[in-house]
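What the coordinates show
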Protein chains: 2
Amino acid sequence: MTSDERSAKRWIIGKPLPTEQLEGELLPKKVALPIFASDALSSVAYGPQEMFLILTIGGLAMLANAPYVAIGVMLLIAIVVAGNLQTVKAYPSGGGDYEVAHRNLGPRAGLVVASALLIDYVLTVAVSVSSGVDNIISAFPQLAPLRVEIAVGCIVLLAAVNLRGVRESGRAFAIPTYLFIASVVALIVAGVVQTIAGDAPVASSAAYSVQTDALSQAAIMLLLLRAFASGCSALTGIEAISNGVPAFRRPKVRNARVTLVLLGVVSTSLFAGITFLGLVSQIHYAEDPCDLVGFADCETTPQQSVIGQLGAAVFGDGSPLFFVLLAATALVLLLAANTAFNGFPLLGSVLADHGFAPKALRTRGDRLVYSNGVVVLALGAVLLVVVTQANLNALIQMYIIGVFVSFSFGQAGMVVHWLRLRRDPRHRREFDPLAFGINVVGAISTATVLVVVTITKFTHGAYLVFLIGPVLWVLMWAIQRYYARVRQEIAPDEHTVFGAKGDHAIVLVGELTKPVLKALDYAIAARHESLEAVHSAIDPDAAKRLKRAWVRQGVRVPLRILPSPYRDVSQPVLDHLESRRAEHGPEVVTVYMPKYVMGHWWERILHDHKSRRVRQRLALTHGVTIALVPWRLQSARLLEEREGRPLPGDARRGTARRPVRQHHGRQSRR
Amino acid sequence: MTSDERSAKRWIIGKPLPTEQLEGELLPKKVALPIFASDALSSVAYGPQEMFLILTIGGLAMLANAPYVAIGVMLLIAIVVAGNLQTVKAYPSGGGDYEVAHRNLGPRAGLVVASALLIDYVLTVAVSVSSGVDNIISAFPQLAPLRVEIAVGCIVLLAAVNLRGVRESGRAFAIPTYLFIASVVALIVAGVVQTIAGDAPVASSAAYSVQTDALSQAAIMLLLLRAFASGCSALTGIEAISNGVPAFRRPKVRNARVTLVLLGVVSTSLFAGITFLGLVSQIHYAEDPCDLVGFADCETTPQQSVIGQLGAAVFGDGSPLFFVLLAATALVLLLAANTAFNGFPLLGSVLADHGFAPKALRTRGDRLVYSNGVVVLALGAVLLVVVTQANLNALIQMYIIGVFVSFSFGQAGMVVHWLRLRRDPRHRREFDPLAFGINVVGAISTATVLVVVTITKFTHGAYLVFLIGPVLWVLMWAIQRYYARVRQEIAPDEHTVFGAKGDHAIVLVGELTKPVLKALDYAIAARHESLEAVHSAIDPDAAKRLKRAWVRQGVRVPLRILPSPYRDVSQPVLDHLESRRAEHGPEVVTVYMPKYVMGHWWERILHDHKSRRVRQRLALTHGVTIALVPWRLQSARLLEEREGRPLPGDARRGTARRPVRQHHGRQSRR
């Protein structure tokens, strides 16, 4: 790209956006739905499947209970959606359950939610990708041996995309999400029609039976609870909207709530439909395929995912629609995984605002920061996927603990919120009994489910969450304590006076290069009381060469050569400063040095360590100002181009970043 | 430690060392020997063992050839020592074979040596540690199941010690090394005496026989070569001295050469003695213990190392001397591993001098740099140990390729060196026919061995070296090309004139803290033509608070609040600079901001990213000087204490680092 084109491009994207235009950056409902819903909707791809799987442990007879379990799940979805409607209204700033818990139950409770969510982001990636791979394999069984490789590949791909930076464009999300909804609806409708028409779809696994030992009443009860708990994985992602209110078009709250209701309706009906079809077509899905009597080569071939089996039964195996369905499912699951990469920095910035996470997470547009987040998230997910061999069932055991921690704390927080309003005379009129009731119900039921989920899943892997969660909690708490201590340390009082005197300047010179000449020039322009150039003579010959070059170049600033018997650059300079101090007493000395600006991360490894080292040492001596005069290497261009790229979470944060403008032309002469 | 004590301590270590005192820092022979010899000597712990092991593959009959193989190895040691004596004399600067190859065969050849050595440093750690663990297990067989864990533990320990920083003290090395020599000599003497007295020691493995299929003549020949190749592992570490000449007391060269001869004598005699005892006591050591007919539970119990078996046979199993011997062996092997951690940064700095490695490696006393080296080395070694399950035999297969690459290139280089001298009329008189002859022999024989080693080991793992080596080579070459390009980019010409004008100054203010006040104060002291304080109003309320605080604190510098609709700190500042530019035309603007100085690495994660980000952006705009005013947090003290600590390789480099002096007292008021 020529510099003309570049400057042209910069001119176009460079024009500042007045705030009303900014609205254009915000999301209309039809775009917001796919962006925020992919996570929640995609979970119906594994929710019912897990429910069937657990029930089947108790034998095929247990499947008869599927409807009741399903109804329980759907009811819960309704309750959570209703509860979140109140949250969105009361806390439209996008802090979601974390904020609600933080404000009403105190920072400690808020942190519990935060650490739970952090863990769940990692699990969202792992679960969604694994489920996605399941569905890919259901379409192309020959890929089965590569399952882990494909899963890891997907995660790496997502990470790469988010590192490179892509704006969550509505269209990119809309097409797969709506395609997914459409094809699942088509599946359900067709299936129902076929059933009514008398030739109900028959799943490929219908023929298999399961041998199991008779179960005690208690065991059956426990199984039902476990099935319910696993089915609840369909609720994951509903919280996304309450975290993304700021990204909606005006009226934000109203639009967000409408979208939330839409989301609830769609996901419950999908869940219901898939469960229904699963029962009608007698899908038999087992934890261990070899429990399925009649499933021939259970060792080698994988079970077809529930969606896959339904697609095959209704549309016909290998039919175009079958592939469309599975493709859409896989895609939407990948998008769901992607949401974690966007949600993570968002939560991070909120936590940073409250001082529980490194302030850096609050610094908009700092690529480095976001990159670290993306990498950490990806590594965590890869680890999980590799350890569990991308086994969805194993992952689901750890999943949704976090979600329900945040749900129940969020709802409990809302209850407190209402009670406070009622107690407070000024706000009593805002108290809404209906909303209050909804949140009470929400709090109680989500808390109950949390207990159920914990009990039923703890030994199956959930205990990990209870190990890592507290660690995160303590970490964040410690961070906040640290910041508090520093704030105290640097708080000024009326006695804070420095009264610095003197204005000497030194330019550090290694070799006589353009960057050094520029630094000299700027130092001259700053008109200090006194100015000298200084060189630590690590190598006497180099020093001689420098002296000659100094004359040749006709530099007017006096050059002082400091002997450096210990081959150390900084020590002689420090000694020089010290001796000046001894003569002139405390004075401010401005030490100029060039600073290289470069475009590639690896260039940082190759440059500038010596001056970094000198800076370090200077920073420990008194009365010194370190003046860096930037020198842009050619590769620095890349930085400017990168500035333009969007960062993960931008779309959800709803604050469009203003494109960057840079000045150009050669740096010399200016 | 109270601040009094601290300042006292600083006073003591703080006093500068005049150069004559510096001599005290250099190594007398008796200290140099252990420091430089531990690597070479320790290798007799595994050299003979590997020789026996390979021979045994061909059946016990083959062991009859051990003496001839051993003689071959000892001869080679003698040749290499003789060759190195010349190197030390001709190139006393400590560049060793790398320098010789670089100067005489050209940089490309030098790089080959360099990459070979880099790989061998990693292998030295892995091999020495694994062998050390072998000997520990020989003393305490019940530890066998933990072999890998112990090995990794040792590597981590070494890394930790070197990260923390320990001067290679003569004593720490002397005691184990001399103890090792003493106990092995005692072993040999005792063994010989017993043999003469008619009751020769009998190894625990003497009873075992080995079943093997008859070997073809060719196979036998190949086996002999392989045995020789493995025995040559006893030569590793001899090069250490030629790399450490600068560390010797005056007369450096003479002392280094004497030490080298001592080393050669000691290690050949140890090698000879152990081989002799091994034969007398009929040690049977097999690649796979289960090849030993009569070795009962070969699956579970490990073979006792050769040293261990000899100790048991001569001193009696479980006798005090037996444990002393094995302890000394294990210790000296750990020291040998440690030498890699010291040699690595040394080679790094030489490479950096030639521009083949990041310049940072040349920056004396930059902890960060050394730390990275230590970590990389440790990770590589851990990887090797884990992959090979700390199996010494597997590791030896990759080992010593590098050593012999450097030997043969070094010797070849010396040959060229002599030829040049002879051709050059001015230096003809320096030509030394004897030395020349020695180096010719050295070059030919080491080259031959290199070929043998490569052929016999390639398929057994050595191929890895031939994969990684070239990669390193290309990498270093690319680095050098990059530096060349940049040097060109920044080279000044007679037209290089910047002619900067104007002297405006800006102090960036976030909140009103002591660091900010200090920055303001320094900016005032610098007496710029115009000075203003600037604040990006990300949060309007915070801006209001700042204004009030500004008045309360009575700051005289005008405060300008820049609106920041996009919640970005840097953009408004950049726009402000731009608008100034539009008014006043190109001028130099000095932007002041506080810079936090802190002691813990993790504090860097918690601080300063925002200002780092701002610096980045400012560095891309024209006519800006970034003036950092350091603010030392209390934790910054730690930095000064750390400055005092020695760095890996200091002792070998022979350039004592001058202890650091810092000024103290509270920073305000000055």
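One numbering rule holds for all chains: residues counted from 1, following each sequence as written. A letter from A marks each chain and a number from 1 marks each ligand, given out in the order of writing. Totals for whole chains, interfaces and linings use all residues, but because this is a predicted model, local features are given only for residues with pLDDT of at least 70 and pairs of side-chain atoms are given and counted only at 80 or more. Working from all heavy atoms in the structure, the side-chain values ignore hydrogens and water.

Moving on, we come to a nonpolar patch on the surface. Residue and element names in this part refer to chain A. Where nonpolar side chains cluster on the molecular surface, the patch consists of F458, Y463, L464, F466, L467 and I468 and spans about 520 Å² of accessible area. In this description a helix means any DSSP run of H or I spanning at least four residues, a strand means any run of E spanning at least two, and both kinds are numbered starting from the N terminus. On the secondary structure map, I468 appears in helix α19 (residues 463–490). Per-residue accessibility, obtained with a 1.4 Å probe over protein chains only, is compared with the maximum for each type, and a residue is labelled buried under 20%, exposed over 50%, and partly exposed between these values. Assessed through its relative accessible area of 43%, I468 is described here as partly exposed. The patches reported here contain residues having more than 30% relative accessible area and no salt bridge. Joining distances are 9 Å for like charges and 5 Å for nonpolar side chains (Val, Leu, Ile, Met, Phe, Trp, Tyr). Exposure was quantified through the Shrake-Rupley algorithm and a 1.4 Å probe, taking into account, for residues, occlusion by the shown protein chains and nothing else. In the sections that follow, a salt bridge refers to a side-chain nitrogen of Lys or Arg positioned within 4 Å of a carboxyl oxygen of Asp or Glu.

Another aspect to go through is the packing of aromatic side chains. We call Phe, Tyr and Trp rings a pair once their centres come within 6.5 Å, taking the six-membered ring for Trp, and we label the pair stacked below 30 degrees between planes, edge-to-face above 60, and tilted otherwise. Overall, the coordinates contain 26 aromatic pairs over all chains when judged by the stated rule. When the centroid spacing of 5.5 Å and the interplanar angle of 45° are considered together, the rings of F458 of chain A and F466 of chain A count as tilted. Assessed through its relative accessible area of 36%, F458 of chain A is described here as partly exposed. A ring pair is formed by F458 of chain B and Y463 of chain B, whose centres lie 6.4 Å apart and whose planes are at 55°; its orientation type is tilted. Judged by relative accessible area, which is 37%, Y463 of chain B ranks as partly exposed. Aromatic rings pair up to connect F140, F322 and F323 of chain A into one cluster. In this structure, R422 of chain A packs its charged tip against the face of F431 of chain A, placed 5.4 Å from the ring centre. Here, over-ring charges are defined by two tests on the NZ atom of lysine or the CZ atom of arginine: distance to the ring centre within 6 Å, and angle to the ring normal within 35 degrees.

All names here are of chain A. Of the consecutive residues R250 and P251, the connecting peptide bond is found in the cis state with omega at -10°. Checked against the element boundaries, P251 lands in the loop between α11 (239–243) and α12 (252–280). With a phi angle near 55°, Q389 is a residue other than glycine that sits in the positive phi range. Looking at the element boundaries, Q389 is found in the loop between α15 (367–387) and α16 (392–398). Given a relative accessible area of 47%, Q389 falls into the partly exposed group.

Spatially, the ten strands line up as an open sheet ordered β5(A)-β4(A)-β3(A)-β6(A)-β7(A)-β7(B)-β6(B)-β3(B)-β4(B)-β5(B), and their pairing is mixed. The open sheet terminates on both sides in strands that have one partner only, identified here as β5 (559–563) of chain A together with β5 (559–563) of chain B. Each adjacent strand pair in this sheet contributes to an overall mean axis angle of 30°, direction not counted. Taken strand by strand, helix α20 (residues 514–525) of chain A contacts β3 (504–508), β4 (530–537), β6 (589–597) and β7 (624–632) of chain A together with β3 (503–508), β6 (588–597) and β7 (624–632) of chain B, and its axis lies near 130° from that of β7 of chain A. When DSSP finds two or more bridges between a pair of strands, those strands are recorded as paired. Note on method: axes are straight lines fitted to C-alpha atoms, helices fitted across the in-contact stretch only, with angles between N-to-C directions ranging 0 to 180 degrees. Residue contacts are defined here by distance: any two heavy atoms, one from each residue, within 4.5 Å place the two residues in contact.

With that out of the way, let us pick up the pattern of salt bridges. Pairing of side chains with opposite charge becomes possible as their charged atoms draw close. Residue and element names in this part refer to chain B. Considering all chains together, one arrives at twelve salt bridges over all chains under this definition. In this structure, E99 engages R103 in a salt bridge whose closest nitrogen and oxygen atoms are separated by 2.7 Å. Separated by four residues within a single helix, E99 and R103 lie in helix α6 (residues 96–105), roughly one turn from each other. Take E99: its relative accessible area is 7%, and that puts it in the buried class.

Attention now goes to helix α10 (residues 217–231) of chain A. All names here are of chain A. One fewer than the residue count of a helix, multiplied by 1.5 Å, yields its expected span. Here α10 is 15 residues long and its end C-alpha atoms lie 21 Å apart, about the 21 Å a rise of 1.5 Å per residue gives. Among all positions of α10, only L223, R226, A227, F228, A229, S230 and G231 are buried. Looking at the buried side of α10, the elements it contacts are α4 (47–57), α5 (66–90), α12, α16 and α18 (433–457).

This part takes up the environment of Y46 of chain A. Residue and element names in this part refer to chain A. Position of Y46 among the secondary structure elements: in the loop between α3 (29–42) and α4. Residues Y46 and R637, 591 residues apart in the sequence, show an inter-C-alpha distance of 46 Å. Each residue touching Y46, except ones within four places of it in the same chain, is listed here: V127, S131, S233, T236, L333, L392, I396 and Y399.

We now examine the nonpolar core. Ranked by internal contacts, the top residues of the largest apolar core, which has 133 residues, are F36, V125, V129, L235, I238, L351 and F404 of chain A. The greatest single-element share of this core, amounting to 17 residues, is contributed by helix α7 (residues 107–139) of chain A. Contact partners of L351 of chain A, with chain neighbours within four places excluded, come to Y98, L111, A114, L118, F356, A357 and M476 of chain A. What makes a nonpolar core is a set of buried Ala, Val, Leu, Ile, Met, Phe, Trp, Tyr and Cys residues whose side-chain atoms join them at distances within 4.5 Å. V306, F315, A381 and F404 of chain B belong to the second largest nonpolar core, which has 132 residues in total.

It is worth spelling out the side chain of H622 of chain B at this point. By the element assignment, H622 of chain B lies in the loop between α24 (609–619) and β7. Among the polar contacts listed, one links the side chain of H622 of chain B to the side chain of R632 of chain A, at a separation of 2.8 Å. Identification of polar contacts relies on pairs of N or O atoms within 3.5 Å, with a donor-acceptor requirement for protein atoms, meaning one able to donate a hydrogen and the other able to accept it, and with residues adjacent in sequence counted only if both atoms are side-chain atoms.

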